[in-house]
Amino acid sequence: MERILKAWLAVGLGLGIQAAGAQEVLPDKPPIPDDNPMTEAKIRLGKQLYFDPRLSSTGAISCNSCHNLMAGGDDSRGGSVGVEGQVGGRSAPTVWNAAFMTTQFWDGRAPSLEKQAQGPFLNPVEMGMSSGEAVAERVRSVPGYRNQFKAVFGGDHPVTYENISKAIAAFERTLLTPNSPVDQYLKGNKSALSESAQRGVKLVNDVGCTSCHTGPIYAGPGSMPMGQGFFQKFPTYTDNKYVDKYHLMEDKGRYEATGEESDKHLWKVPTWRNVAVTPPYFHNGSVVSLDEAVRVMAKTQLNKELSDQQVKDIVAFLNGLTGEFPEITIPRLPPLPPEEVKALTTAKD
């Protein structure tokens, strides 16, 4: 934990977050781990698995249920709805551009997309499967999947929980939204942003927002190693009306995953990319409007009151971070054998 905090201090104090140059263009490609190279066949397989609700205990919840690719990559809820109508305690973060995040989940407990992909399957509130082997067995029971896994991974036993997560992660690394108006502006097209948004570009630096929201996805330094993450205490300043109004102290953040006292109310810094299309805001989804979220952050993190014009300009800038979403088509799924159909029809909805 000390290592992470020291890294944050080094970045925040040593670099000063480069007041005029904190904004960065989204790279064309995300980091790709050596042990999970991307191929077209693996990406197609991962896409099928991502959209397949039959990999949940009730056959009703898929990855896309909570991370809707037809929208902002989230589900517009304060708490996601999982199997048997259960509601989770945190808002689903967007999956768009998650390939650039150095850790996953609000508390950063997963060091990679591969590890993140394994979590929801076994969460009793989310997809409710009993074990990783149960997920693999469900996939193995589908002849079409068996053939695809054999072609993609090879070997005598290619359908494993690890390979399932590798395929999903490979697909998720294609979920990028480049060429936002801010990216165009940074590349030299000054007409890509309104005058208000251009003032917002400067304001987020001057006010102090980019002490945390920096790097290519505005969620911490892009140079940080994968798996390390970039964390900040939230709320930092608690003597204000927003803390109680939006229940910001109820969830203890990273502490819930590590049990370390120093991790109380520590959170992975979320991305600003596409933030205008991913309400509600914060880990508990307690704030609906982006204007209000900006006011809350200014007061709870910087102890500053912003004028209405400042809020308007910052929101205009944040709107400029909505990128170009690639067209996503729903994949056809290989059919289940009769015995698996029977198992799902008797599952509790």
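Residues numbered from 1 in each chain as written. Predicted model: local features only at pLDDT ≥ 70, side-chain atom pairs only at ≥ 80, totals over all residues. Heavy atoms only, no water.

**A closer look at the overall build of the chain**
Along the backbone of the chain there are 14 helices and two strands. For a compact globule of 349 residues, the expected C-alpha radius of gyration is about 20 Å, and the chain comes in at 21 Å, within 12% of that figure. If one aligns the C-alpha atoms of the chain with their principal axes, the spans along those axes are about 65 × 45 × 35 Å. Looking at the chain residue by residue over its 349 residues, the buried ones come to 52%. Long-range pairs, those at least 24 residues apart, make up 71% of the contacts in the chain between residues at least 6 apart in sequence. Surface exposure of the chain reaches about 15800 Å², of which carbon and sulfur atoms provide 52%. Considering the chain, the positive charge centre built from 36 side chains and the negative charge centre built from 39 side chains are found 2 Å apart. (Helix = DSSP H or I, 4+ residues; strand = E, 2+ residues; numbered from the N terminus. Rg over C-alpha atoms; globule rule 2.2 N^0.38 Å. Buried < 20%, exposed > 50% of the residue type's maximum accessible area, 1.4 Å probe, protein only. Contact = heavy atoms within 4.5 Å. Areas by Shrake-Rupley, 256 points an atom, 1.4 Å probe, with all protein chains shown as cover. Lys, Arg positive; Asp, Glu negative; His and termini not counted. Charge placed at Lys NZ, Arg CZ, Asp CG, Glu CD.)

**Description of the environment of Ala-60**
Inspection of the secondary structure assignment puts Ala-60 in the loop between helix H2 (40–51) and helix H3 (63–66). Separated by 147 residues in sequence, Ala-60 and Val-207 place their C-alpha atoms 45 Å apart. Aside from chain neighbours lying at most four places away, what touches Ala-60 is Pro-53 and Ser-65.

**A short note on the nonpolar core**
In terms of nonpolar packing, the biggest core is built from 34 residues, with Trp-272, Phe-317 and Leu-318 touching the most fellow members. Elements that contribute at least two residues to this core include exactly helix H8 (181–186), helix H9 (195–207), helix H12 (290–302) and helix H13 (308–319). Take this core: its biggest share by element is six residues, from H13. If we ignore the near neighbours within four places in the chain, the residues touching Leu-318 are Trp-272, Val-275, Ala-276, Leu-290 and Val-294. Grouped together as the second largest cluster of nonpolar side chains are 33 residues, Tyr-50, Leu-69, Ile-168 and Leu-336 included. (Core = buried A, V, L, I, M, F, W, Y, C linked by side-chain atoms within 4.5 Å.)

**A short note on H2**
For H2, with 12 residues, the first-to-last C-alpha span of 17 Å sits near the 16 Å given by 1.5 Å per residue. Among the 12 residues that make up H2, nine are buried, leaving the element largely enclosed by the rest of the structure. Those residues of H2 that sit buried are Lys-42, Ile-43, Leu-45, Gly-46, Lys-47, Gln-48, Leu-49, Tyr-50 and Phe-51. Where H2 is buried, its residues meet H3, helix H5 (132–140), helix H6 (143–153) and helix H7 (161–172). (Expected span 1.5 Å × (residues − 1).)

**Observations regarding the confidence of the model for the chain**
As a general rule, the predicted coordinates of low-pLDDT regions are not to be interpreted in detail. Chain-level statistics for the chain give a pLDDT mean of 91 and a share of 92% at 70 or above. Long-range and interchain partners of residues 1–21, a stretch whose pLDDT sits below 50, account for 29 contacts in this model, where long-range means more than four residues apart. (pLDDT = per-residue confidence, 0-100.)

**A few points about the environment of Leu-248**
With respect to the helices and strands, Leu-248 occurs in the loop between helix H10 (241–245) and helix H11 (255–258). Separated by 10 residues in the primary sequence, Leu-248 and Thr-238 place their C-alpha atoms 8.9 Å from one another. Residues contacting Leu-248, with those up to four places away along its chain left out, are Phe-234, Pro-235, Tyr-242, Val-243, His-265, His-283, Asn-284, Ser-286, Val-296 and Thr-300.

**Topic: unusual backbone geometry**
Keep in mind that most residues, glycine aside, have a negative phi and that most peptide bonds are trans. In this model, Phe-234 is joined to Pro-235 through a cis peptide bond whose omega is -5°. In this structure, Pro-235 sits in the loop between strand E1 (231–233) and H10. Residue Pro-280 is reached from Pro-279 by a cis peptide bond, and omega for that bond is 0°. Assignment of secondary structure puts Pro-280 in the loop between strand E2 (266–268) and H12. Of note, His-247 is a non-glycine position whose phi angle comes to about 55°, a positive value. In this structure, His-247 sits in the loop between H10 and H11. Classification of His-247 as partly exposed rests on a relative accessible area of 41%.

**Description of the side chain of Glu-172**
Tracing the backbone shows Glu-172 in helix H7. One buried charge, Glu-172, has no salt-bridge partner; the nearest side chain with opposite charge is Arg-173, at 7.3 Å. In contact with Glu-172, other than residues within four places in its own chain, are Tyr-50, Val-95, Ala-99, Leu-113 and Gln-116. (Salt bridge = Lys/Arg side-chain N within 4 Å of Asp/Glu carboxyl O.)

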